[in-house]
Amino acid sequence: MRSEHYYLTTPIYYVNDVPHLGHAYTTIAADALARWHRMFGTNTRFLTGTDEHGLKIEKAATERGITPQELADSVVIRFEELWQKLDISHDDFIRTTQDRHKLFVQDLWRRLHANGDIYLGSYEGWYCVADEAFYTEKEIVNGLSPTGRPVELVREPSWFFRLSRFQEPLLKWYKDNPDCIRPKERYNEIVSFVEGGLNDLSVSRANLNWGIDAPETEGHTVYVWLDALTNYMSALGPLDEPLSQKFWPADLHLIGKDILRFHAVFWPAFLLSAELSLPRQVFAHGWWTVEGEKMSKTTRNVVDPNRLIEEYGSDAVRYFVLREVPFGSDGDFSHRAMIDRVNADLANDIGNLMNRVSGMTMRYFDNCVPAGNVDSEIATDWEATVAEADELMQNCQFNRALERIWAFLGQMNVYIDHKAPWKLAKDPNAADELAAILRTCLEACAALGSIVMPIMPDTSVKIAAWLGTEKVEPASFSRLKDGTRLGPLLPLFPRIEEDTKTERLAAIAREIEGDAVEETAFTPDPLQDETSIDDFFSTDLRVGLITTAEDLPKSKKLLKLQVDVGEAAPRQILAGIKLHFSPEDLVGRKVVVVANLKPAKLMGLESQGMVLAASDVSGLTLVDPGDRSPGARVK
Ligand code: MSP
C-alpha cells in the first residue's frame, strides 16, 4: 500500500569539507527513491541541505582565515553544483544558517524547556570536535573517541536535556514499530544501546559563538546536533502550516551508519519531549571504502564525484553505487568494478537491446512503429517485474530492484535471439509475425526506458526522445502509437575498451601509489647548527594579512602578494607557492612574514619579505598565526 504523501530526507552535510563520494551516495539513493515515488503518483517531498554551525565549521574557517559564514557560502555552492550534475531532484535545500531554521530551533528549545526536559547544569567530560559528540570516560580508547579521533576535556556550564527520562518511551517506540530502524542489525544495536541506560545530554555550548542562540539564557548556543536534526521539520515551516501538516512525520530519514545514534535515539527523544510525531523510519546505509582503503585525501581524489561524472557520466555513477552493494552493507568503490559494470550492464545489456531494436525498426519498418499484437507473456512478465521492483524499491533494496529489471532486459535479448527477426524478414509470409515481434521489442524498450528513470534520468530521457513516448503508469506495456516515426537514438553507454581500461586503471593506481610511497619515504632535513636566542630574535617575524594575490604568468613558481604587516601600506612579497595555491585561495589569509629581510629583486620585481611555510614531499602549508592582528610579533 502506498501512502498519499511521502517525505524523505538526506543528512545535511557539514560545510567544512567539499562533497565526496559518501555524500553523493546518500543523496543519489534518496533521489532514486523520491523519483520512484513520484513516478507512482505519490505526492513526494525530498529534502537535502547543509549543516553549517558548530565548532568543527568554526575551526575550519579559522584555518582558512575566513569567517564561518564565508566558508559555508563557498562550500554550499560546491554541493549545489554537484547535485545539479547528478540530476538530484530535491524539492528544498535547507541551510542551518537560514532564519526559517533558526527560529524553528528556538521554538523547539522552548517546547522542551516548557515541558521540563531542559535544565541548567555543568558539563565536565570529553568532546570530539570531528564527531561533534560528547563521550563518557568509558568510551575513550587510548585518548581517542570511539571513531578514533582526538577528544578534548570540556568543563563549562551547560543546559542538559533529560534524555534519561526517555529510555522507556523509546524502547516502547522500537517495540511497537519494528521497522522504525533498518536494517535489522542496526535496530538491534540501538535497542541494546538504549536498554543499557541513557545519560542526560548536554545541549548547549557556553564557549562557542558559531551557533543558534539558546533562548531564555545568556551566552549559550544550541548544541549542533539539536540544531541540525531539527532541519527535517524546520524545512516544512511552522507546525500549523500546510506543508508541515501534510508531510510531517517524515516517512524516511536516509543516513549513513555513522550517525545512527543521533537519529534513532536523540532525535525521537527530542520529538517525544516536544509532543511531536516520530519519523516512520530511519535507514542507515553502509560505508564506502575506495580501492580497498578507507577514504583518505588521495583516494578521495580518484573518487571525487565530479571526476567520476566526467569519466563515466552521471547515470553510470548513479547506477553503479545503487547496483554494486546491498543498501545497508559496506561496499568498496574501485574503477575496475565501475568499468566492468558500465561494460556489462550498461553498454552491453541495455545499450545493445536499444541499439538492436532501433536498427531493426529502421531496417524492416522504415523507422516507424509497426502495428502488431504484443506478446502477452512478455506483457505479463513486465507487470510482474514492475510489481516486484516496486516492492524492492520501497524497501530500499535498490540492487535487487535493478537485478529484477535487468532480468527482464536479459530476457528481451534472449527473446530477440530466439525469434531471429532477421530470418523472418526474408519470408514474405511472416510479415505479421515480424511486426508483432518488433512491436513487442519496442514496447519493452519504452517500458524499460521509463522504469529506469529514477536511477538513470538522463538515459530515460534519451529513450523517450527516441520513441516519442510520454509518461504513463509504470506497468503499462502499451505506450506506442502505430505508425509513429521514431527519432534518432542518441548513444547511451559507449563500451570502455580493454586498452583504455588498462591505461586508466594504471593511471589511477599510480596516482594512489605515488602519493603513498612518497609519503612514507619522507625524511626531515637534518637540523641546523645551534643558535643563540639573541640570534634567533634578530629575525623579526610578524603576522601578515594577504590583501591581494596575483599570478606572474612568466614565473613557474612565484605569486605576487600584497601583505599588510601593520605598517602604513601593505608590502609586496613574491612567494614561491604557485604550485600549491591559486591566487584566489590566498586573499584574506593570515600568514607569518619575515619582516626584516633585506629586499631582493625577483623577476625584475622587488620582494620585501618572505612568507613562512612548512613543506614535505606531499605538499606545502602556510604557517597560520590564527586570529592575531597584522603586525603582531611572532616569537
Ligand atoms: N552534519 C552531519 C549530519 C547531520 S543530519 C541532521 C554529518 N555530516 S557529514 O557531512 O559528515 O555527512 C555524513 C553523511 O555522509 C553520512 O551519514 C553518510 O550519509 C555520508 N557519508 C560520508 N562518508 C561516507 C562513506 N565513506 N560512505 C558512505 N557514506 C558516507 O554527519
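Before any of the text, the structure's been laid out above.
Residues numbered from 1 in each chain as written. Predicted model: local features only at pLDDT ≥ 70, side-chain atom pairs only at ≥ 80, totals over all residues. Heavy atoms only, no water.

## Description of the sheet that holds strand β2 (residues 43-51)
One open sheet holds the six strands; their spatial order is β3-β2-β1-β11-β12-β7, and the pairing between them is parallel. Of all strands in the sheet, those with a lone pairing partner are β3 (92-95) and β7 (181-182), marking the two edges. Pairing of strand β1 (residues 5-14) with β2, which is carried by eight bridges, proceeds in the parallel orientation. Looking across to β2, one finds that H5 is bridged to N43. Strands β1, β2, β11 (252-256) and β12 (282-285) of the sheet are contacted by helix α1 (residues 21-39), whose axis makes an angle of about 165° with β1. Along the sheet, helix α10 (residues 260-273) makes contact with β7, β11 and β12, crossing β11 at roughly 140°. (Pairing = 2+ DSSP bridges. Helix = DSSP H or I, 4+ residues; strand = E, 2+ residues; numbered from the N terminus. Contact = heavy atoms within 4.5 Å. Axes fitted to C-alpha atoms, helices over the stretch in contact; angles between N-to-C directions.)

## So, the environment of V203
Within the secondary structure, V203 sits in the loop between β8 (201-202) and β9 (204-205). Sequence separation between V203 and V224 is 21 residues, and the spatial gap between their C-alpha atoms is 8.1 Å. Excluding residues that lie within four positions of it along the chain, V203 makes contacts with W109, S158, W159, F160, F161, T221, V222, Y223, L226 and F270.

## Notes on a nonpolar patch on the surface
On the surface, a cluster of nonpolar side chains totalling about 290 Å² of accessible area is made up of I533, F536 and F537. For F536, the position within the fold is in helix α21 (residues 533-537). Judged by its relative accessible area of 40%, F536 falls in the partly exposed class. (Patch = residues over 30% accessible without salt bridge, like charges linked within 9 Å, V, L, I, M, F, W, Y side chains within 5 Å. Areas by Shrake-Rupley, 256 points an atom, 1.4 Å probe, with all protein chains shown as cover. Salt bridge = Lys/Arg side-chain N within 4 Å of Asp/Glu carboxyl O. Buried < 20%, exposed > 50% of the residue type's maximum accessible area, 1.4 Å probe, protein only.)

## So, the packing of helix α14 (residues 335-365) against helix α18 (residues 431-451)
Between α14 and α18, the least distance of the axes is 10 Å, while the angle of their chain directions is 140°. Crossing of α14 over α18 shows left-handed handedness. Contacts from L353, M354, V357, M360, T361, Y364 and F365 in α14 reach L434, A435, L438, C441, L442, C445 and L448 in α18. Across the contact of α14 with α18, the residue classes tally to 13 nonpolar, one polar and no charged. (Left-handed = near helix turned anticlockwise from the far one by under 90°. Nonpolar A, V, L, I, M, F, W, Y, C, P; charged D, E, K, R; others polar.)

## Digging into the side chain of Q106
Tracing the backbone shows Q106 in helix α4 (residues 99-114). Not counting residues up to four positions away in its chain, the partners in contact with Q106 are I212, D213 and P215.

## Here we look at the sheet that holds β8
Spatially, four strands are ordered β5-β4-β6-β8 in an open sheet, and the strand pairing comes out antiparallel. In this open sheet, the two edge strands, each paired with only one partner strand, are β5 (133-135) and β8. Of the strand pairs in this sheet, strand β6 (residues 152-161) and β8 are connected by two bridges, and their pairing is antiparallel. For F160, the partnering residue across the bridge sits in β8 and is S202.

## Remarks on the site of the ligand
Lining the immediate surroundings of the ligand are 23 residues, of which I12, T26, D51, D258 and W288 lie closest. D51 has a polar side-chain atom sitting 2.7 Å from a nitrogen atom of the ligand. Relative to its unbound accessible surface of 670 Å², the ligand loses 94% to contact with the protein. Contributing elements (two or more residues each) for the shell around the ligand: β1, α1, α7 (224-229) and α8 (231-234). Here the shell around the ligand takes four residues from β1, the largest share from any one element. (Near = heavy atom within 4 Å. Polar contact = N/O pair within 3.5 Å; in protein donor to acceptor, adjacent residues only side chain to side chain.)

## A short note on the pattern of salt bridges
When charged atoms on two side chains of opposite charge get close, those side chains can pair. For the structure shown, the criterion picks out 39 salt bridges. Note that R323 and E403 form a salt bridge whose closest N and O atoms lie 3.8 Å from each other. Linking R323 in helix α13 (residues 314-324) with E403 in helix α16 (residues 398-419), this pair joins segments that are 80 residues apart in sequence. Residue classification places R323 among the buried positions, given a relative accessible area of 13%.

## Section: α10
With 14 residues, α10 extends 19 Å from end C-alpha to end C-alpha; this agrees with the ideal 20 Å at 1.5 Å per step. At F266, α10 shows its largest bend, some 25°, and a proline, P268, comes one to four positions later. The element α10 is largely enclosed, with a buried count of twelve among its 14 residues. Within α10, burial applies to L260, F262, H263, A264, V265, F266, W267, P268, A269, F270, L271 and S273. (Expected span 1.5 Å × (residues − 1). Bend = angle between axes of the 7 residues up to and from the residue.)

## What to know about the packing of α1 against helix α15 (residues 376-394)
Working note: a packed helix pair is described by the angle between its axes plus the distance between those axes. It is the contact of α1 with α15, at a shortest axis distance of 10 Å, that shows an interaxial angle of 135°. By the angle class used here, α1 and α15 are oblique. In this structure, α1 crosses over α15, and the sense of that crossing is left-handed. Seen from α1, the contacting residues are A32, L33, W36 and H37; seen from α15, they are A389, D390, M393 and Q394. (Parallel < 35°, antiparallel > 145°, perpendicular 65-115°, else oblique.)

## Topic: the nonpolar core
Ranked by size, the top nonpolar core spans 182 residues in total, and within it F161, Y174, F270, W406 and W466 carry the most contacts. Aside from chain neighbours lying at most four places away, what touches F270 is L112, F161, L201, V203, L226 and L229. Judged by nonpolar contacts, the second largest core, of 15 residues, contains L559, I573, V593 and L622. (Core = buried A, V, L, I, M, F, W, Y, C linked by side-chain atoms within 4.5 Å.)

## Focus: the pairing of β6
One ladder, built from ten bridges, connects strand β4 (residues 118-128) with β6; its direction is antiparallel. Looking across to β6, one finds that Y119 is bridged to F160.

## Looking at the packing of aromatic side chains
Applying the stated criterion across every chain, the model contains 29 aromatic pairs. Centre to centre, the rings of Y13 and F79 are 5.7 Å apart; their planes meet at 0°, and the pair counts as stacked. Taken as a pair, Y13 in strand β1 and F79 in helix α3 (residues 68-85) lie far apart in primary sequence, 66 residues in all. In this structure F79 comes out as buried when scored by relative accessible area, which is 0%. Aromatic pair Y174 and Y187: ring centres 6.5 Å apart, planes at 75°, arrangement edge-to-face. (Phe/Tyr/Trp six-rings, centres within 6.5 Å; stacked < 30°, edge-to-face > 60°.)

## Overview of the side chain of D117
Within the secondary structure, D117 is located in the loop between α4 and β4. Classification of D117 by relative accessible area gives buried; the value is 0%. Engagement of the side chain of D117 in a polar contact is seen with the side chain of S273, the distance being 2.7 Å. Look past the residues within four positions of D117 in its chain and what remains in contact with it is L112, F160, F161, R162, R165, F166 and S273.

## A few points about unusual backbone geometry
Of the consecutive residues R182 and P183, the connecting peptide bond is found in the cis state with omega at -5°. Counting through the fold element by element, P183 comes out in the loop between β7 and α6 (184-195). Following W248, the chain continues to P249 via a peptide bond in cis, the omega torsion being 5°. The topology assignment puts P249 in the loop between α9 (242-247) and β11. Non-glycine residue E216 carries a positive phi angle of around 60°. Position of E216 among the secondary structure elements: in the loop between β9 and β10 (221-222). One non-glycine residue, E291, adopts positive backbone phi at about 45°.

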